[in-house]
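Examination of the molecular architecture
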Amino acid sequence: MYDIIIIGGGPAGLTAAVYARRAGKNVLVLEATSCGGQIINTPDIENYPVEEHISGYDFGMRLTNQAKALGAEIVMEKAVDIRLNGNEKVVATTKAEYTAKAVIIATGSASRKLGLENEDALIGRGVSYCATCDGNFFRKKKVAVVGGGNTALEDALYMADIADTVYLIHRRDSFRGEEATVARLKTKENVRFVYNSTVTALNAEKRLKSIEVTNKDGSVSTLEVNGLFVAVGRIPENRNFAAVAELDESGYAIAGENCRTKTPGVFVAGDNRQKDVRQLVTAAADGAVAATEAVKYVNEM
Ligand code: NAP
């Protein structure tokens, strides 16, 4: 039996692993896809203390290596359930079951979709949720980015250096993301701001050819684009764990700043926790808090 199982190998989960290992606990990290979490898609991080610039990929890899060097075991399996067996927590993955005294759910979030009819069918054929992963396929082409948060702003900035034209489509007339990034975007001559508008249809033959954009005033226009980067927020990955952690109406796990859920010995850390500020630094902070609380729980069992 493990002392602590951490579900999710992003900044919150891996920071929790670092703290739990340094407290002498045996730790299993379960990661469904790739270690590092969603931050590995961020081209340049410049708001993490001490590091003036670091790519999300380098950040993710360095944190993974740090957790491994401290002795955390990392298994690439998707956790789908947590069940209680007395004080023991049984974590089921798609392949196996593991038991632990405490569990930290640090599953983060997944990309929200626009919900358009042929959106899924066009993934990889013009529609993408990750500019840094797929941006290079659109060199010197016309693309659109949809969203008004930091992800959309950073995606537009990234694509401005690659694509011929970048339309940044936002449903309001002011951005949710940081003013400094907006200011930088405004210096880019090939970025066109499309305010008060939503994407209402995707027109394609084999690949995306153009998008229909509807303005708040009811006018409809067509933009010829080869690529559409959807950056309209994230959905917390908590649905498999609703039996042990109370969720709010948006699906975020309800836990105080001590990261405790309604189930003793089950903690939640990172972007899937209900909170005001979702940043790399707050995910890492959650990991530290959740691990410290989990260690305390295990010691007192
Ligand atoms: P976000 O901040 O939640 O922004 C989502 C954006 O999409 C909002 O502007 C929202 O519009 C818009 N939107 C939502 N649903 C939509 C729909 N159906 N159609 C059209 N637009 C829609 O999400 P995010 O940009 O992914 O960022 C998530 C968190 O990560 C944030 O806290 C962000 O600050 C953080 N982040 C930080 C960094 C960094 O620190 N470098 C980088 C990336 C992300 P409204 O504004 O009208 O609601």
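Attention here is on the structure that accompanies the text. (Residues numbered from 1 in each chain as written. Predicted model: local features only at pLDDT ≥ 70, side-chain atom pairs only at ≥ 80, totals over all residues. Heavy atoms only, no water.)

**Notes on the pattern of salt bridges**
To keep things clear, this is the line we draw: Think of a salt bridge as a Lys or Arg side-chain nitrogen and an Asp or Glu carboxyl oxygen that are within 4 Å of each other. Each helix is a run of H or I in the DSSP string that is no shorter than four residues. Each strand is a run of E no shorter than two, and both are numbered from the N terminus. Throughout this description, buried means an accessible area under 20% of the type-specific maximum (1.4 Å probe, protein chains only), exposed means over 50%, and partly exposed covers the range between.
Applying the stated criterion across every chain yields a total of 13 salt bridges. Glu46 is the salt-bridge partner of Arg184, the closest N and O atoms lying 2.8 Å from each other. Here Arg184, found in helix α5 (residues 179–186), pairs with Glu46, found in the loop between β2 (27–30) and α2 (56–69); they are 138 residues apart in sequence, far enough to count as distant. You can call Glu46 partly exposed: its relative accessible area is 40%. Put simply, Lys188 and Asp161 hold a salt bridge, and the shortest N to O gap is 3.1 Å. Taken together, the positions of Lys188 in the loop between α5 and β11 (191–194) and Asp161 in the loop between α4 (150–160) and β10 (165–169) put the pair 27 residues apart, joining distant regions of the chain. Connected through shared salt-bridge partners, Glu257, Arg273, Lys275 and Asp286 make up one network.

**Structural notes on the site of the ligand**
Just so we agree on the cut-off: By convention in this text, a residue qualifies as near a molecule or strand provided that one of its non-hydrogen atoms is within 4 Å of it. Under this definition, polar contacts are N or O atom pairs within 3.5 Å; protein pairs additionally need one hydrogen-donor-capable and one acceptor-capable atom, and for neighbouring residues in sequence, both atoms have to be side-chain atoms. For the accessible areas, the method is Shrake-Rupley and the probe is 1.4 Å, while residue cover comes only from the protein chains on display. Only Asp, Glu, Lys and Arg are considered charged in this grouping, and only Ala, Val, Leu, Ile, Met, Phe, Trp, Tyr, Cys and Pro are considered nonpolar; every other residue, Gly among them, is considered polar. Domain start and stop points were drawn from an automatic or database domain assignment.
Around the ligand, a shell composed of 17 residues is seen, among which Asn47, Asn150, Arg172, Arg176 and Gln279 lie nearest. Note that an oxygen atom of the ligand is positioned 2.6 Å from one of the side-chain N or O atoms of Asn47. Within the side chain of Arg171, an N or O atom sits 2.9 Å from an oxygen atom of the ligand. Taken by itself the ligand offers 920 Å² of open surface, and the protein chains cover 79% of this. Here the shell around the ligand is composed, by residue class, of three nonpolar, nine polar and five charged. Two domains each put at least three residues into the shell around the ligand: domain 1 (2–110 + 234–300) and domain 2 (113–230).

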